[in-house]
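Examination of the molecular architecture
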Amino acid sequence: PSHQGSGSNCSTISSNSDRATMADSKAPLLNTTAISVPLPLSDKRVDLKALNTALSSAQTREKALKVFQYTAKLAGYILLKAAGEWASLGKHCDALAKNLSTAR
């Protein structure tokens, strides 16, 4: 009876080593399906490779910073006009817009 128990352990060990061998193979562990995001107001989709190419462009970064700068400027203006508790947040948004201007 003791031999049967050790025999079953050996088969378990060998099946675990088979799994380790399969995991060590060069088969990809992740699904290589491209992730893509639909563009708003368009029928096109952008995958990670295209997004990486666009973000590596200096002109794209410049335009993105400009959008963030003007968004912060608009938010600061609206919050300062609202006054009250929101005035301090409006000042922070104005400071952010100025810092984004110098970052560009």
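Summary of the structure given here. It should be emphasised that the depicted structure is a prediction, and the values quoted were computed from it without experimental measurement.

The rules we used
Residues numbered from 1 in each chain as written. Predicted model: local features only at pLDDT ≥ 70, side-chain atom pairs only at ≥ 80, totals over all residues. Heavy atoms only, no water. Helix = DSSP H or I, 4+ residues; strand = E, 2+ residues; numbered from the N terminus. Buried < 20%, exposed > 50% of the residue type's maximum accessible area, 1.4 Å probe, protein only. Contact = heavy atoms within 4.5 Å. Areas by Shrake-Rupley, 256 points an atom, 1.4 Å probe, with all protein chains shown as cover. Expected span 1.5 Å × (residues − 1). Polar contact = N/O pair within 3.5 Å; in protein donor to acceptor, adjacent residues only side chain to side chain. Arc of directions from axis to C-beta. Axes fitted to C-alpha atoms, helices over the stretch in contact; angles between N-to-C directions. Parallel < 35°, antiparallel > 145°, perpendicular 65-115°, else oblique. Left-handed = near helix turned anticlockwise from the far one by under 90°. Nonpolar A, V, L, I, M, F, W, Y, C, P; charged D, E, K, R; others polar. Patch = residues over 30% accessible without salt bridge, like charges linked within 9 Å, V, L, I, M, F, W, Y side chains within 5 Å. Salt bridge = Lys/Arg side-chain N within 4 Å of Asp/Glu carboxyl O.

Observations concerning the overall build of the protein
A tally of regular secondary structure across the protein gives four helices and two strands. Taken from N to C terminus, the helices and strands of the protein fall in the order α-β-β-α-α-α. The 104 residues of the protein split such that 9% are buried. Long-range pairs, those at least 24 residues apart, make up 30% of the contacts in the protein with a sequence separation of at least 6. About 8900 Å² of surface is accessible on the protein, with carbon and sulfur atoms providing 63% of the total.

Details of helix α3 (residues 58-82)
Here α3 contains 25 residues, and its C-alpha end-to-end distance of 36 Å stays within 8% of the 36 Å for a straight helix at 1.5 Å per residue. Among the residues of α3, those classed as buried are Q69, A72, G76 and L79. Packed against the buried residues of α3 are α4 (86-103). The opening residue of α3 is S57, an N-cap whose side-chain oxygen sits 3.3 Å from the backbone nitrogen of Q59.

Brief notes about α4
The first and last C-alpha atoms of α4 sit 26 Å apart over 18 residues, in line with the 26 Å expected at 1.5 Å per residue. Those residues of α4 that fall on the buried side of the exposure criterion are A87, G90, C93, A97 and L100. Viewed along the axis of α4, the buried residues span an arc of 135 degrees, placing them on a single side of the element. Of the exposed residues in α4, those oriented more than 90 degrees away from the buried face are K91, H92, K98, N99, T102 and A103.

Section: the packing of α3 against α4
The interhelical angle for the contact between α3 and α4, taken along N-to-C directions, is 155 degrees, at an axis separation of 7 Å. Of the possible angle classes, the one that applies to α3 and α4 is roughly antiparallel. Considering the relative orientation of α3 and α4, their crossing is left-handed. Of the residues in α4, those touching α3 at L65, F68, Q69, A72, K73, A75, G76, Y77, L79, L80 and A82 are W86, A87, L89, G90, K91, C93, D94, L96, A97, L100, S101 and A103. The residue inventory of the contact of α3 with α4, partitioned by class, reads 16 nonpolar, four polar and three charged.

Quick word on the environment of A97
Looking at where A97 falls in the secondary structure, it is placed in helix α4. Looking at A97, the relative accessible area reads 4%, which means it is buried. Aside from chain neighbours lying at most four places away, what touches A97 is Q69, A72 and K73.

Some details on a nonpolar patch on the surface
There is a patch of nonpolar side chains on the surface, built from I35, L48, L51 and L55 and spanning about 390 Å² of accessible area. For L51, the position within the fold is in helix α2 (residues 48-55).

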